[in-house]
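# Overview (structure and organization)
Listed below are the residues making up each chain.
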Amino acid sequence: MTGMLASVCSVDEAAQALQGNADLIDCKDPTRGALGALDTETIRLIVEYVGGRRPVSATSGDIASGIHQLRRAISRIADCGVDYVKFGVFSEQQLRSQTAVIGELAQRHRLVAVCFIDRFDPLPLLSMLADAGCAGIMLDTADKHRGRLTEVWPLAKIRQFVQRVNARGLLCGLAGGLRRDDIPQLLPLRPGYLGFRGALCRGERHTAVDSQAIAAVRDAIHAHQAPHRRDNLAVNQL
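Scope of this entry: the structure provided in the associated data block. Nothing here was measured: the structure is a model prediction, and the numbers come from that model.

So, how was this worked out
Residues numbered from 1 in each chain as written. Predicted model: local features only at pLDDT ≥ 70, side-chain atom pairs only at ≥ 80, totals over all residues. Heavy atoms only, no water. Helix = DSSP H or I, 4+ residues; strand = E, 2+ residues; numbered from the N terminus. Buried < 20%, exposed > 50% of the residue type's maximum accessible area, 1.4 Å probe, protein only. Polar contact = N/O pair within 3.5 Å; in protein donor to acceptor, adjacent residues only side chain to side chain. Pairing = 2+ DSSP bridges. Bend = angle between axes of the 7 residues up to and from the residue. Contact = heavy atoms within 4.5 Å. Axes fitted to C-alpha atoms, helices over the stretch in contact; angles between N-to-C directions. Left-handed = near helix turned anticlockwise from the far one by under 90°. Nonpolar A, V, L, I, M, F, W, Y, C, P; charged D, E, K, R; others polar. Parallel < 35°, antiparallel > 145°, perpendicular 65-115°, else oblique. Salt bridge = Lys/Arg side-chain N within 4 Å of Asp/Glu carboxyl O.

What follows deals with the environment of arginine 110. Relative to the helices and strands, arginine 110 is located in the loop between α4 (92-106) and β5 (111-116). Exposure remark for arginine 110: the relative accessible area of 42% places this residue in the partly exposed category. Expressed as a C-alpha distance, the spacing of arginine 110 and alanine 135, which sit 25 residues apart in the sequence, is 5.4 Å. In this structure the side chain of arginine 110 is engaged in a polar contact, spanning 3.3 Å, whose partner is the backbone oxygen of aspartate 83.

And the structure:
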């Protein structure tokens, strides 16, 4: 079943996400870009607070180039004790230059590649990321003003992405300015996670999360998964 990824930037927000039954707590600083990294002390405090009750991921920052910079950033975040380190893929050229270091780091850490579809088409490169040892691959948008995921890519391409990543047995995530009304069309594709930040906030994505907004997104996921759950039960009983 599809889980809810909630991006948070403090222990208080992590507490609200846990209370709202988020499935994955994602550490991110939305004021620093699409993959803005929190300071390591805050990440450690969030990991300590969550205490294994949910998996925790953290972003390594908006790093578009430089293998040494990428190695340092991923290692620094991994040392905070998170379950997954998310790193950004902004172009095909960047990925090809970083494949070796990604493969090296993937032997020690669970890496999730976040592909920004408003910068390039990652579909031809999914096998490269999988072969490098990534634990998961997500779609996202770098420029939130250019539209959300479902506006930048047609549903057929998103479905193709999910099918290919799921076929590899990797964690599959969809994010990129998602709102509640995106949930009904994305859940049938069966991604591992739907990722939210702006939809959980009182205002813009850099403002504080709101417990009622978290509950509304969580309830929408449950409500739209219920028909699929009933269908699966019916098939299994035949």
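Further notes follow.
A few words on the pairing of strand β7 (residues 171-174). Alternating residues of β7 divide into Leu171 and Gly173 and Cys172 and Leu174, and every residue in both groups is buried. In terms of strand pairing, strand β6 (residues 136-140) meets β7 through four bridges, oriented parallel. Of the residues in β7, the one forming a bridge with glycine 136 is leucine 171. Note that β7 and strand β8 (residues 193-196) share two bridges and pair parallel. Residue pairing in the sheet places glycine 173 in a bridge with tyrosine 193 of β8.

In this section: α4. At glutamine 98, α4 shows its largest kink, close to 55°. Among the residues making up α4, those that are buried are Gln94, Leu95, Gln98, Val101, Ile102, Gly103, Leu105 and Ala106. Elements in contact with the buried residues of α4: α3 (67-78), β4 (84-89), β5 and α5 (126-131).

The next subject is the packing of helix α1 (residues 11-19) against helix α2 (residues 40-50). The contact between α1 and α2 brings their axes to 9 Å, and the two run at 30°. Regarding α1 and α2, the two cross each other, and that crossing is right-handed. Touching Val11, Ala14, Ala15 and Leu18 of α1 are Leu45, Ile46, Tyr49 and Val50, all from α2. When the residues that make up the contact of α1 with α2 are grouped by side-chain class, the tally is eight nonpolar, no polar and no charged.

Let us look at the packing of α3 against α4. Packing of α3 against α4 brings their axes to within 10 Å, and their N-to-C directions diverge by 25°. The angle between α3 and α4 falls in the class roughly parallel. Both α3 and α4 take part in a crossing whose hand is right-handed. Only Ser97, Gln98, Val101, Ile102, Glu104 and Leu105 of α4 make contact with α3, whose side of the interface consists of Ile67, Leu70, Arg71, Ile74 and Ser75. Looking at the contact of α3 with α4 residue by residue, the classes come out as six nonpolar, three polar and two charged.

Turning to the pattern of salt bridges, a few remarks are in order. Counted under the stated rule, the structure contains 15 salt bridges. Notably, a salt bridge pairs arginine 96 with glutamate 92, separated by 2.9 Å at the nearest N-O pair. Here the residue arginine 96 and the residue glutamate 92 both occupy positions in helix α4, the gap between them amounting to four residues, near one helical turn. For glutamate 92, a relative accessible area of 37% puts it in the partly exposed group. For the salt bridge of glutamate 104 with arginine 108, the shortest nitrogen-to-oxygen distance reads 4.0 Å. The exposure class of glutamate 104 is partly exposed, given its relative accessible area of 30%. What you see here is one network of salt bridges that share partners, running through Arg148, Glu151, Asp181 and Asp182.

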